[in-house]
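Descriptive structure summary
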Amino acid sequence: MTMSAVGTLLSGLRTHQATSPALIWYGEGGERIELSGKVLDNWVAKTSNFLVDELDAEPGLRLRLDLPVHWKTLVWVLAAWQTGCTVILGSPNESGPADVTVTAAPESGAAGTVVAVALGALELAFGADLPSGVVDYAAEVRSYADTYLEGSQPDAGQPALAAAAATDARRLSGTVSYGDLGDLFEPGGGNAEVLLAAGTDLPLILEGAVAAWASGGAVVLTAPSVKPDERVLASERVTKRLEA
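Residues numbered from 1 in each chain as written. Predicted model: local features only at pLDDT ≥ 70, side-chain atom pairs only at ≥ 80, totals over all residues. Heavy atoms only, no water.

Points about the overall build of the chain
Check the secondary structure of the chain and you find seven helices and 12 strands. Its C-alpha atoms give the chain a radius of gyration of 17 Å, near enough to 18 Å, the size a compact globule of 244 residues would have. By residue count, 53% of the 244 residues in the chain fall in the buried class. Sequence separation of at least 24 residues holds for 67% of the intrachain contacts in the chain that already meet a minimum separation of 6. (Helix = DSSP H or I, 4+ residues; strand = E, 2+ residues; numbered from the N terminus. Rg over C-alpha atoms; globule rule 2.2 N^0.38 Å. Buried < 20%, exposed > 50% of the residue type's maximum accessible area, 1.4 Å probe, protein only. Contact = heavy atoms within 4.5 Å.)

Below you can see the structure in the form of structure tokens.
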């Protein structure tokens with residue numbers, strides 16, 4: 001896969017789904033966030049520019065993603081892949097060191113550059129207790145451009161994802177190269193689907209989300225503790241369920 005494959009996916013979101021829902025998030029406490037294709041692409045572009053300009057991201061940078069299943073987590077993965085980074089899941093003992101750690105728990109003492117992500121929809125900063133030297137994503141990202149110009153592309157053999165465990169149950173498993181990731185971004189031949197994605201298995205949720213977007217569909221993502229009822233399924237017009 002090359003970055004143009006990620007770019008093609010995002011281009012479809014901002015053009016064919018510009019005003020229609022692409023990602024709907026159900027969080028704790030009744031939180032519901034709806035992102036159109038254009039808004040989702042804007043978030044990914046801003047995060048990509050933040051990665052490049054603030055964190056000096058380039059192909060090969062190892063980015064540890066220490067976030068729960070969340071709509072911002074999907075944004076971070078797409079931005080990391082758009083800029084050619086290797087997304088690392090799992091602890092340092094499991095997956096090795098990282099250049100940048102993106103986390104909702106910045107007090108964890110991670111080595112290297114640490115980026116704190118506030119998960120609340122309306123939070124404009126992480127808060128007063130942010131440790132010294134930690135970069136505040138919420139406070140910084142909105143100042144970046146909402147369009148992204150592709151730079152250097154990763155080699156096909158470069159890892160796009162390094163997960164702690166490998167399984168034959170999914171394509172996003174273990175270490176996945178940019179070359180191996182290519183088929184995941186191919187446009188789907190079937191009808192656009194609305195995918196309900198729930199659970200804690202981020203690689204499986206990522207795989208399902210990308211497939212849904214490639215088909216021109218949408219993703220209804222729920223926090224692991226949220227159990228959508230039949231009313232939600234009907235109102236969001238869910239056509240496929242993924243329990244991860």
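Digging into the packing of helix 3 (residues 71–82) against helix 6 (residues 202–214)
Running from N to C, helix 3 and helix 6 point in directions that differ by 75 degrees, and their axes come no closer than 11 Å. With respect to helix 6, the element helix 3 is oriented roughly perpendicular. Here Thr73, Leu74, Val77 and Leu78 of helix 3 come into contact with helix 6, specifically with Leu202, Leu206, Ala209 and Trp213. Its residues assigned to classes, the contact of helix 3 with helix 6 comprises seven nonpolar, one polar and no charged. (Axes fitted to C-alpha atoms, helices over the stretch in contact; angles between N-to-C directions. Parallel < 35°, antiparallel > 145°, perpendicular 65-115°, else oblique. Nonpolar A, V, L, I, M, F, W, Y, C, P; charged D, E, K, R; others polar.)

Let's talk about the nonpolar core
If you look at the biggest cluster of nonpolar residues, it comprises 72 residues, and the most contacted ones within it are Leu65, Trp76, Trp81 and Trp213. Take this core: its biggest share by element is nine residues, from helix 3. Ignoring sequence-local partners within four residues, the contact set of Trp213 consists of Leu9, Leu13, Gln17, Ala22, Leu23, Leu40, Leu74, Leu78, Ala218 and Val219. (Core = buried A, V, L, I, M, F, W, Y, C linked by side-chain atoms within 4.5 Å.)

A look at the environment of Trp43
Assignment of secondary structure puts Trp43 in helix 2 (residues 37–55). Measuring from C-alpha to C-alpha, the distance between Trp43 and Glu207 comes to 19 Å, with 164 residues separating the pair along the chain.

A word on the sheet that holds strand 5 (residues 100–103)
With mixed pairing, seven strands are arranged side by side in an open sheet as 7-6-5-3-4-8-9. The open sheet has two edge strands with one neighbour each: strand 7 (135–136) and strand 9 (175–177). Bridge count for strand 3 (residues 62–66) against strand 4 (residues 86–88) is three bridges, and the pairing is parallel. The partner of Arg64 across the bridge, within strand 4, is Ile88. (Pairing = 2+ DSSP bridges.)

So yeah, pure geometry; function would need other evidence.
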